[in-house]
Amino acid sequence: MTVEQTTSRAYRGVSPEQRRAERRAKLIAAAIAVYGERGYRNATVKAVCEAAGLTERYFYESFENSEALLVTSFNAVTYAVFDEITAAAQAAGRGRVAKARAMLDAYFGALQRSPASARVYLVEIRGVSREVDKAFDAALRAIGAEVARRIAPAGLEADELLQAGVVGGVMHIALRWIDAGYQPPLARVTDAALRLGMVLAHTGARTARPPRSAAA
């Protein structure tokens, strides 16, 4: 039996690919915890590996460097939260305002339940490098487009600048709320974010109307 055949055999019924996937998942979970506690810039590969219960050689099996793990961790947090808010929107019924409120409640609730994930999502991802910033912007564009598709008034669902304004505004509200120790209560934070979104959407709709002719 060759070395390749030996190393590719399943161990205790688990294939090498499954074991690699499990190690990768452990590293992502450990990174979120370590970055959330210490901050990305104060976290080493060794610290993440120790939190995951793995040696450093397994880190480089899955990730080229710390930035690659940061981006992967950010995406894991981002799309987990996104799944929650889309599920909330589906459960809220057809009303646009009801959907928006449900999505905001789910968003802020997810941040409050997982402070470490919130820090990775909102704080640690910023300003690390151009490549990390590009990953951050790409995720926000995708989320903004999907949220707009679900709740934006007719004619504004494709307005990328308006989407950026709403998403950025909600994120700044979240940052202020987290800095204040998750005060005031979640319901008030949702109300503030909902008012912001409605104001921006109303202003956008009014601006998008064609100008009236002088003869009108």
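The numbers attached to residues start from 1 for each chain and follow its sequence in the written order. Local features are withheld for residues below a pLDDT of 70 in this predicted model, meaning they are given only at 70 or higher, and side-chain atom pairs are given and counted only at 80 or more; totals for whole chains, interfaces and linings count all residues. Water and hydrogen atoms were dropped before computing side-chain values, which therefore reflect all heavy atoms in the structure.

Caption draft 1: The overall build of the protein, seen in detail. Segments assigned H or I by DSSP are reported as helices when at least four residues long, segments assigned E as strands when at least two residues long, and all are numbered from the N terminus. From N to C terminus, the protein includes 10 helices and zero strands. For the protein, the succession of helices and strands along the chain, N to C, is α-α-α-α-α-α-α-α-α-α. Residue burial is assigned from relative accessible area. The probe radius is 1.4 Å, only protein chains are included, and a residue is buried under 20% of its type maximum, exposed over 50%, and partly exposed in between. Here the protein holds 216 residues, and the buried ones make up 40% of them. Contact criterion: two residues are considered in contact whenever any of their non-hydrogen atoms come within 4.5 Å of each other. Of the contacts formed within the protein by residues at least 6 apart in sequence, a portion of 65% connects residues at least 24 apart. What sets the accessible areas is the Shrake-Rupley method with a 1.4 Å probe; for residues, cover comes only from the shown protein chains. Roughly 12600 Å² of accessible area belongs to the protein as shown, and the carbon and sulfur atoms make up 54% of that amount.

Caption draft 2: Main features of the packing of helix H6 (residues 96-113) against helix H8 (residues 130-151). At a minimum axis separation of 9 Å, H6 and H8 run at an interaxial angle of 145°. Residues Arg96, Lys99, Ala100 and Met103 of H6 form the contact with H8, whose own contacting residues are Val147, Arg150 and Ile151. Class assignment of the residues belonging to the contact of H6 with H8 gives a composition of four nonpolar, no polar and three charged. Lines fitted to C-alpha atoms define the axes here, with helix axes fitted over just the stretch in contact, and angles between the N-to-C directions of these axes take values from 0 to 180 degrees. Any residue outside Ala, Val, Leu, Ile, Met, Phe, Trp, Tyr, Cys, Pro, Asp, Glu, Lys and Arg is labelled polar, Gly included; the first ten of those are nonpolar and the last four are charged.

Caption draft 3: Spatial organisation of the confidence of the model for the protein. pLDDT is a residue-level measure of predictor confidence that goes from 0 to 100. The share of residues in the protein with pLDDT of 70 or more is 84%, and the mean pLDDT across the chain is 85. Element-level pLDDT for the protein is lowest in helix H1 (residues 3-7), with a mean of 37, against a maximum mean of 97 in helix H3 (residues 45-52). Predicted confidence for residues 1-8 stays below pLDDT 50, and this span has four contacts to residues more than four positions away or in other chains.

Caption draft 4: Local environment of the pattern of salt bridges. The rule for a salt bridge is simple: a side-chain nitrogen of Lys or Arg has to be within 4 Å of a carboxyl oxygen of Asp or Glu. Applying the stated criterion to the full structure yields 10 salt bridges. A salt bridge links Lys134 to Glu131; the nearest nitrogen and oxygen atoms lie 3.6 Å apart. Within this pair, Lys134 and its partner Glu131 are both found in helix H8, separated by three residues, close to a single helical turn. Taking the relative accessible area as the measure of exposure, Lys134 reaches 45% and is therefore partly exposed. Owing to a relative accessible area of 51%, Glu131 belongs among the exposed residues under this scheme.

Caption draft 5: Seen up close, the environment of Ser114. In this fold, Ser114 is placed in the loop between H6 and helix H7 (115-124). Residue class for Ser114 comes out partly exposed when judged on its relative accessible area of 30%. Between the alpha carbons of Ser114 and Ile32 there is a distance of 10.0 Å; along the sequence they are 82 residues apart.

Caption draft 6: Fine view of unusual backbone geometry. Along the chain, Gln183 connects to Pro184 via a cis peptide bond; the corresponding omega equals 5°. By the element assignment, Pro184 lies in the loop between helix H9 (160-179) and helix H10 (186-208). Despite not being glycine, Tyr182 has its phi angle at roughly 60°, a positive value. Secondary-structure assignment places Tyr182 in the loop between H9 and H10. Taking the relative accessible area as the measure of exposure, Tyr182 reaches 15% and is therefore buried.

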